[in-house]
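# Report on the structure
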Amino acid sequence: MSDDTTTETTVDPVKLDLSHVEATPGSPKPTSILTVDNVRRRFGGMTAVDVDHLEVEAKAITALIGPNGAGKTTFFNLLTGFDVPDQGSWTFEGHSLGGKPAAKVARAGMVRTFQLTKALSRLTVMDNMRLAARNHPGENMFASLVPPLWRRREVEVTDKASEILERFNLLAKADDFAGSLSGGQRKLLEMARALMTDPTMIMLDEPMAGVNPALVQSLLGHIQALRDEGMTVLFVEHDMHAVRHVSDWVVVMAEGRIVAEGPPESVMNDQAVIDAYLGAHHDTDLGDDSLLDPAILARLEEEEKKR
Ligand SMILES: Nc1ncnc2c1ncn2[C@@H]1O[C@H](COP(=O)(O)OP(=O)(O)OP(=O)(O)O)[C@@H](O)[C@H]1O
């Protein structure tokens, strides 16, 4: 047997050591790449996001968790320019991005993934990648008007897309419709699309949702590889196993506020976190890797009986 045989192995994650960072909501980070202040978003009479202060450590994997309706997606939308806050400011790499439109945020290097829409599902995998390159800082008006320049640019984009697709084991699917991909492959494509714009920070919206458990390990490996290459990762996730396995730091939201922060091992046992999930337990899939110990589960059952 040749020694270049590749086998799928489960590698224990190497975490960044953030144990010296204070585990309290809004705690200062040694190298904050994203700093958020006083961000509020109300819908009618309801405050969906109410974040006093948050710092996200550069070149680390930060998970944003919280029960359904905690405000995670709204917060993501605000930070990436897809929604506008009632108040608040934030800086990314020292530049103010508060209230800036999505394209500008992406050009600054903060890029979020998107679930494949119906329209994107009808395009091929390669066309999805090409489309994602549109926001690239290299895309300028002048080049797009001069045929030799745009032809050269097109070759560059295709080469880059092929390279990224290969990395995510999707190159063989380049000409397939994106809609024909499996749940896990779609998630890989979402990540691959985001990489077309060379982000400094990648924001993943539920990267494990709908992914076959067999592919979860591989997806986690890709997320870790991005961090290891120096990218900052912020992701929203409900899968507690994935959060525990891959994150260097966990931020917990409940009712729009940040209620806890810390390394995954300790934050999962934080009373504020357990209470936050208990408050909304009816929708929370806690799975085998539950946040809850038997005593809390018993309490939950009691609550359920009283309903
Ligand atoms: N466009 C909107 N109009 C009115 N209410 C909204 C809107 N978007 C979000 N909300 C409300 O804001 C609150 C926060 O929602 P959000 O989707 O941000 O929570 P979440 O933490 O991402 O939840 P989930 O984990 O279920 O996705 C919810 O009560 C939601 O109903």
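Residues numbered from 1 in each chain as written. Predicted model: local features only at pLDDT ≥ 70, side-chain atom pairs only at ≥ 80, totals over all residues.

## Overview of the sheet that holds strand β3 (residues 61–65)
We apply this condition: At least two DSSP bridges between two strands are needed for those strands to be called paired. Strands are runs of DSSP state E lasting at least two residues, helices are runs of H or I lasting at least four, and both sets are numbered from the N terminus onward. Axis definition: a line fitted to C-alpha atoms, limited for helices to the stretch in contact. Angles are taken between N-to-C directions and run from 0 to 180 degrees.
Read across the open sheet, the 6 strands follow the order β6-β7-β8-β3-β9-β10; overall the sheet is mixed. On the outer flanks of this sheet lie β6 (110–112) and β10 (257–262), each paired with one strand and no other. When strand polarity is set aside, the average angle formed by the axes of neighbouring strands in this sheet is 20 degrees. Sheet topology note: the strand β9 (residues 249–254)/β10 ladder contains 5 bridges and is antiparallel.

## Section: the pairing of strand β2 (residues 46–57)
Pairing of strand β1 (residues 32–43) with β2, which is carried by 10 bridges, proceeds in the antiparallel orientation. Within β2, the position partnered with arginine 40 by the bridge is aspartate 50. In sequence, β1 turns back onto β2 through a hairpin of 2 residues, with glycine 44 there showing a positive phi of about 60 degrees.

## Focus: the site of the ligand
Operational definition: Proximity of a residue to a molecule or strand is defined by its backbone-placed C-beta atom lying within 6 Å of that partner. Three classes are used, and their members are as follows: Ala, Val, Leu, Ile, Met, Phe, Trp, Tyr, Cys and Pro are nonpolar, Asp, Glu, Lys and Arg are charged, and the others, Gly among them, are polar.
Taken together, the residues surrounding the ligand are Phe43, Ala48, Gly66, Asn68, Gly69, Ala70, Gly71, Lys72, Thr73 and Thr74. Of the residues forming the shell around the ligand, the biggest block, 3 residues, is contributed by helix α1 (residues 72–79). Looking at the shell around the ligand, its residues break down into 3 nonpolar, 6 polar and 1 charged.

## Remarks on the environment of threonine 35
This is how it is decided: Once C-beta atoms are placed from the backbone, any two residues with those atoms within 7 Å are in contact.
Position of threonine 35 among the secondary structure elements: in strand β1. Spatially, the C-alpha atoms of threonine 35 and lysine 100 are 15 Å apart, while their sequence positions differ by 65 residues. In this structure threonine 35 touches Glu55, Trp90 and Thr91, once residues within four positions along its chain are discounted.

## A look at the domain arrangement of the chain
Operational definition: For each domain, the first and last residues come from an automatic or database assignment.
Taken as a whole, the chain is organised into domain 1 (20–109 + 199–307) and domain 2 (117–197). The interface is formed by 13 residues belonging to domain 1 together with 11 residues belonging to domain 2. Looking at the side of domain 1 that touches domain 2, the elements with two or more residues in it are α2 (102–107), β7 (201–205) and α8 (213–228). Residues belonging to the side of domain 1 that touches domain 2 are distributed by class as follows: 9 nonpolar, 3 polar and 1 charged.

## Quick word on the sheet that holds strand β4 (residues 87–92)
One open sheet holds the 4 strands; their spatial order is β2-β1-β4-β5, and the pairing between them is antiparallel. Each edge of the sheet is formed by a strand with only one pairing partner; in this case those strands are β2 and β5 (95–96). One ladder, built from 2 bridges, connects β4 with β5; its direction is antiparallel. Residue phenylalanine 92 lies in a different strand from β5, and its bridge partner there is histidine 95.

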